Amino acid sequence: MGFFSWAKRRFSHVRPGGQLQGPFRSDEADKAARHPPSTLTDPAKLGVECLQVGDIAGALKAFGQALTLHPDSAANHVNLAYVLKQTGAEGEALPHLRQAVALDAQSFDAHYMLGGALEQGPDLEAAAKHLRLALALCADFEPVYTDLCRVLVAKGSVAEARKIIVEAIALNPQNADFHLYLGNLCMSEGNPLEAIHSYRRVLELKPDYAQGHVNLGCALQAQKSLAEAVQSFEAALAIDPSSSDAHAKLGIAQKALGQFGEAEVSLGRALELLPTSAETLNELGMLFQEQGKLDPAIDHYRRAIALRPGLPGGYANLGLALDQKGDCGQALATYRQGLAIKPLPEIHGNLAITLAKLGCIDEAIEHYWHALKLAPDNLNTRCNLASAFGDLGETQQAIELYREVVGLEPSLLIAHSNLLFYLAVDKNCTAAEYLAEAKRFDSKLVHEPLQRRRQTDTRSERRLRVGLVSGDLRTHPVGFFLEGILHHLDAKRFELFAYPTIGMEDKLTARIKPIFTKWTPLKGLSDEVAARKIHADEIDILFDLAGHTAENRLATFAYRPAPVQISWLGYFASTGLSAMDYVLADDISVPPGYEQHFSEKLWRLPQTRLCFTPPVDGSTPDVSPLPALQRGYLTFGCFQRLPKINDAVLALWGKVFEALPTAHLLLQSVQTGYPKAVEQTLARLAQVGISADRVTIRGPVDRNLYLQSYTEVDIVLDTFPFTGGTTTCEALWMGVPTVTLAGDTMIARQGVAMMAAGGLPDWVADSPDDYVKKAVAFASDVTKLARLRSSLRESIQRTALFDVRLFAERLEGAIEGIWQEHLIQAETGPTRNIPNVLTQSVALTAISGSAIDALRQDSSA
């Protein structure tokens, strides 16, 4: 939808002075007007009289007769062209206007109307030429200035357009349209502050000018003055309640404020007034999509495309919604259909995202390059390209691309977050280097913290208010680890508040939502508005469950909406934020001496920082007998995403399979549902000596069928340094242990911590050679492996990794301990300086955050 509106072309204007001869008049018509012939004998005069009474058909006939009588009259050609345009026959009008100019090169009317017709062509260069000639012929006819200005902007000649409109203002500074157009030019130049000044001048001259209020609202919205923008759109509607444009733009501003209900009403009213507006349908689709209402979003996108197949963003948005719904096949078909109509960069970019999700990274990269060729300055596409290289295991290339984007646009926080994500899993990046980069991210967030309204009081007087900020309060690894814990937190001691950062909800959401006192979506809100909403709830302790992963709102934490802020669960390194006070860890994932790896203060939980919630739907498959006993050979499995199976991992797997010539491998993930990804994976395995006849690769299935796949696996081989999280716990639940390699970062030690907390510390290798040695040794003693399998589910339920009741008690103790420490510091003064912090909201639409989210799904909790 257009950001601001240019005034419509007004073909009914005529030059001042003289008797009206026709809609557009020449000098010849002026002479004829001084000696008017009889209406009965002058068809041109009859044509004008017909127009005055609204008889278009009569005018068309009369002007046609006039032209037959006087074919060399420029005025007759102009007048006939005017009437033809009124009947919708613009194509027939154009030759007459060209002929009029040929007959009378000094005819202002001919040049002016021809310029307008050519604009509709569009032939903007020729349109500008004839409007310039018209202006030279009649410099005091004010509408020419605005028409020429509009055409010049459309063809990219913004500097010339500004010169024209400045001349117009000098001619008549009281003309509100001139100031409106100057404001529009300022908006085109990316200068909303100057535009606001011009629009306010418009409204001084013409307070009831609805379009002036609309354009002022757009400029205010560009300046993030959303409340004032809403007031401007409402003022426009008070003047003209039938303005579909004003209703639509009001809805867009309300959506930006997070007022989704009001936005739906406003956009709905806009659609009622103009049902054929593909732009409004598209905006409604985006509104529904932001709230996770994918079915109505898809319906509105399809209606928009049906009305306007070439709608910018239409196919890209529809494909993205289908992708989010899980229908990747239909999403691919939609993108390809859109590309066949018009190869827009956003369609190439979103198609690439879906291809990458399916594991077809090479093809995804190809489409990213296409997108960049069409829009070389699109930094979001560059971010996604970087993620694709990361998916290929080309971590260094991904890091270089992210550094390039961050250098070009330091305020693009998602790029910097993604850079930190890859640095955190890069074996070549030291902990000190990572932390220095994380602190550079923090340095961009500078603003005065929100002032705490409630006086700090003691714990005994009330329940602690605990807030959770996350995009993963749903069927997601974070949701799997969180669900059981939430159900066991003491409601008499803690009052929970949820701040989901996306609109998607599902069955897991429905199970946990009643636990919370309040559920406040942050999707679509600026970081400051989101912080103020949290602040208004008077939260005591605010948890970030995302870190530098998808849909994070770290910039909201920078406003310090709560006195105590903690990073936990969804990330595996320091956030780097000076406004983040603590990170929850354990002694194994972050051993003593590793404190310098974090800007936050470490608060270690006993045994484990994570606790897994087993499937709760009652349909979990039983633990099966060891498959090797029936098959006669051992099957290794890995159900993690393909990007985590890097070359170093494959090299060790190759050694394991060389030592066990009868062993087989079962792989399954989201990406393995795509044939080309399977082909590429088999080729990579063959390079390390694992032939295709020893490998089974399956595509994605629902969770119960996925868990059933573990009945075919004897041992899981972990990835590194990006170790498993959810998959490791699910495997243990199904009786399958994991061989994991210990590293020296939190994520590289996640497998170590899980196996230790699950009572299986001997499955942890301390070196690559030890990894191979342990895998071979465990695989060679199937009797011992079978005994472990038969008892594993029962035994792990009593461990800290699965005992959600025990973990909840320990988490409660940590929360209260941290709060007491805060109270002591509040009395004695802070132990460290916390600088002020600020940021801007960064819109995430089909960009690299989703790629990062896909990569981490089965890794960090």
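Residues numbered from 1 in each chain as written. Predicted model: local features only at pLDDT ≥ 70, side-chain atom pairs only at ≥ 80, totals over all residues. Heavy atoms only, no water.

(A) Layout of the overall build of the protein. Helix and strand counts for the protein stand at 39 helices and 13 strands. Counting across all 861 residues of the protein, residues that qualify as buried make up 59%. Of the roughly 33800 Å² of accessible surface on the protein, 53% is carried by carbon and sulfur atoms. (Helix = DSSP H or I, 4+ residues; strand = E, 2+ residues; numbered from the N terminus. Buried < 20%, exposed > 50% of the residue type's maximum accessible area, 1.4 Å probe, protein only. Areas by Shrake-Rupley, 256 points an atom, 1.4 Å probe, with all protein chains shown as cover.)

(B) Expanded view of the packing of aromatic side chains. Enumeration over the complete set of coordinates arrives at 23 aromatic pairs. Between the aromatic rings of phenylalanine 516 and tryptophan 519, the centroid separation amounts to 5.6 Å while the plane-to-plane angle is 75°, which identifies the pairing as edge-to-face. When sorted by exposure, phenylalanine 516 lands in the same class as tryptophan 519, which is buried. Both rings, one in phenylalanine 720 and one in tyrosine 771, keep their centres 5.7 Å apart while their planes meet at 70°; by these two values the pair is edge-to-face. Here the residue phenylalanine 720 occupies a position in the loop between β11 (715-717) and α34 (726-733), and tyrosine 771 occupies one in helix α36 (residues 768-780), the gap between them amounting to 51 residues. The same class applies to phenylalanine 720 and to tyrosine 771, which are both buried. Cluster of aromatic residues (ring-pair linked, three or more members): Tyr402, Phe421, Tyr422, Tyr571, Phe572 and Phe722. Above the plane of the ring of tyrosine 209 lies lysine 206, whose end atom (NZ or CZ) is 4.4 Å from the centre. (Phe/Tyr/Trp six-rings, centres within 6.5 Å; stacked < 30°, edge-to-face > 60°. Lys NZ or Arg CZ within 6 Å of the ring centre and 35° of its normal.)

(C) Representation of the confidence of the model for the protein. Scored by pLDDT, the protein comes out at a mean of 88, with 90% of its residues at no less than 70. The model gives residues 1-39 a pLDDT under 50, and that stretch makes 106 contacts with residues more than four places away or in other chains. Counting contacts from residues 831-861, a segment whose pLDDT is below 50, to residues more than four positions away or on other chains yields 129 contacts. (pLDDT = per-residue confidence, 0-100. Contact = heavy atoms within 4.5 Å.)

(D) Looking closely at the pattern of salt bridges. In total, this model carries 40 salt bridges according to the counting rule given. Between lysine 255 and glutamate 283 there is a salt bridge, with the nearest N and O atoms lying 3.5 Å from each other. Of the two residues, lysine 255 is situated in helix α14 (residues 244-256) and glutamate 283 in helix α16 (residues 278-290); the sequence distance between them amounts to 28 residues. Taking relative accessible area as the criterion, lysine 255 reaches 9% and is therefore assigned buried. In this structure, glutamate 437 and arginine 440 form a salt bridge, with 2.8 Å as the shortest nitrogen-oxygen distance. With glutamate 437 and arginine 440 both in helix α25 (residues 431-443) and three residues apart, this pair spans about one turn of that helix. Sharing partners across several salt bridges, the network here consists of Asp490, Arg493, Glu812 and Glu816. (Salt bridge = Lys/Arg side-chain N within 4 Å of Asp/Glu carboxyl O.)

(E) Molecular detail of the pairing of strand β10 (residues 695-698). Alternating residues of β10 divide into Val695 and Ile697, all buried, and Thr696 and Arg698, none buried. As defined by bridge partners, strand β9 (residues 664-668) adjoins β10 across four bridges and the pair is classed as parallel. Bridged to leucine 665 within β10 is valine 695. Taking the sense of rotation as the criterion, the β-α-β connection linking β9, helix α32 (residues 675-687) and β10 turns out right-handed. (Pairing = 2+ DSSP bridges. Right-handed = clockwise from strand over helix to strand, strands pointing away.)

(F) Representation of α14. With 13 residues, α14 should cover 18 Å at 1.5 Å per step; its first-to-last C-alpha distance of 19 Å lies within 8% of that length. For α14, the buried fraction is high: eleven of the 13 residues fall into the buried class. Regarding α14, the residues found buried are Ser244, Ala246, His247, Ala248, Lys249, Leu250, Gly251, Ile252, Ala253, Gln254 and Lys255. Elements in contact with the buried residues of α14: α12 (210-222), α13 (226-239), α15 (260-273) and α16. Looking one or two places after α14, you find glycine 258, whose phi comes out positive at around 80°. (Expected span 1.5 Å × (residues − 1).)

(G) Here's a closer look at helix α18 (residues 314-325). With twelve residues, α18 should cover 16 Å at 1.5 Å per step; its first-to-last C-alpha distance of 17 Å lies within 8% of that length. For α18, the buried fraction is high: ten of the twelve residues fall into the buried class. Within α18, burial applies to Gly314, Tyr315, Ala316, Asn317, Leu318, Gly319, Leu320, Ala321, Leu322 and Asp323. Buried residues belonging to α18 abut α16, α17 (294-307), α19 (328-341) and α20 (345-357). In the segment just after α18, glycine 326 is the residue with positive phi, at about 100°.

(H) The nonpolar core, seen in detail. Counting residues in each nonpolar core, the largest one holds 199 residues, and the members touching the most others are Phe543, Trp568, Phe636 and Trp653. With sequence-adjacent residues up to four places away left out, tryptophan 568 is seen in contact with Leu482, Ile485, Phe543, Asp544, Leu545, Leu584, Arg609, Phe807 and Leu811. Ala74, Ile169, Leu180 and Tyr199 belong to the second-largest nonpolar core, a separate cluster that totals 75 residues. (Core = buried A, V, L, I, M, F, W, Y, C linked by side-chain atoms within 4.5 Å.)

(I) Broad picture of the sheet that holds β10. Read from one edge to the other, the open sheet built from six strands follows the order β10-β9-β8-β11-β12-β13, with strand pairing classed as parallel. The open sheet is flanked by β10 and β13 (764-765), the only strands paired with a single partner. Across two bridges, β11 lies against strand β12 (residues 738-741) in parallel orientation. Looking across to β12, one finds that leucine 717 is bridged to valine 739.

(J) Representation of the packing of helix α23 (residues 395-408) against helix α24 (residues 413-424) within the structure. Where α23 meets α24, the closest approach of the two axes is 9 Å, and the angle between their N-to-C directions is 155°. For the element pair α23 / α24, the angle class is roughly antiparallel. Once α23 is placed against α24, the crossing between them reads as left-handed. Only Ala415, His416, Asn418, Leu419, Tyr422 and Leu423 of α24 make contact with α23, whose side of the interface consists of Thr395, Ile399, Tyr402, Arg403, Val405 and Val406. Partitioned by chemical class, the residues of the contact of α23 with α24 number eight nonpolar, three polar and one charged. (Axes fitted to C-alpha atoms, helices over the stretch in contact; angles between N-to-C directions. Parallel < 35°, antiparallel > 145°, perpendicular 65-115°, else oblique. Left-handed = near helix turned anticlockwise from the far one by under 90°. Nonpolar A, V, L, I, M, F, W, Y, C, P; charged D, E, K, R; others polar.)

(K) Spatial organisation of the sheet that holds strand β1 (residues 464-470). In space, the seven strands of this open sheet follow the order β3-β2-β1-β4-β5-β6-β7, with parallel pairing throughout. Each edge of the open sheet is held by one strand with a lone partner, namely β3 (518-519) and β7 (601-604). Examined bridge by bridge, strand β4 (residues 541-544) and strand β5 (residues 564-567) share four bridges and lie parallel to one another. By the bridge assignment, aspartate 544 is partnered in β5 with serine 567.

(L) Up close: unusual backbone geometry. A cis amide bond links phenylalanine 720 with the next residue in sequence, proline 721, at an omega value of 0°. Of note in the backbone geometry, arginine 560 takes a positive phi value of approximately 50° without being a glycine. Looking at the secondary structure, you find arginine 560 in the loop between α29 (554-557) and β5. Look at leucine 569: it is not a glycine, yet its phi comes out positive at around 75°. Its place among the elements puts leucine 569 in the loop between β5 and β6 (582-585). Here leucine 569 falls in the buried class, since its relative accessible area comes to 0%.

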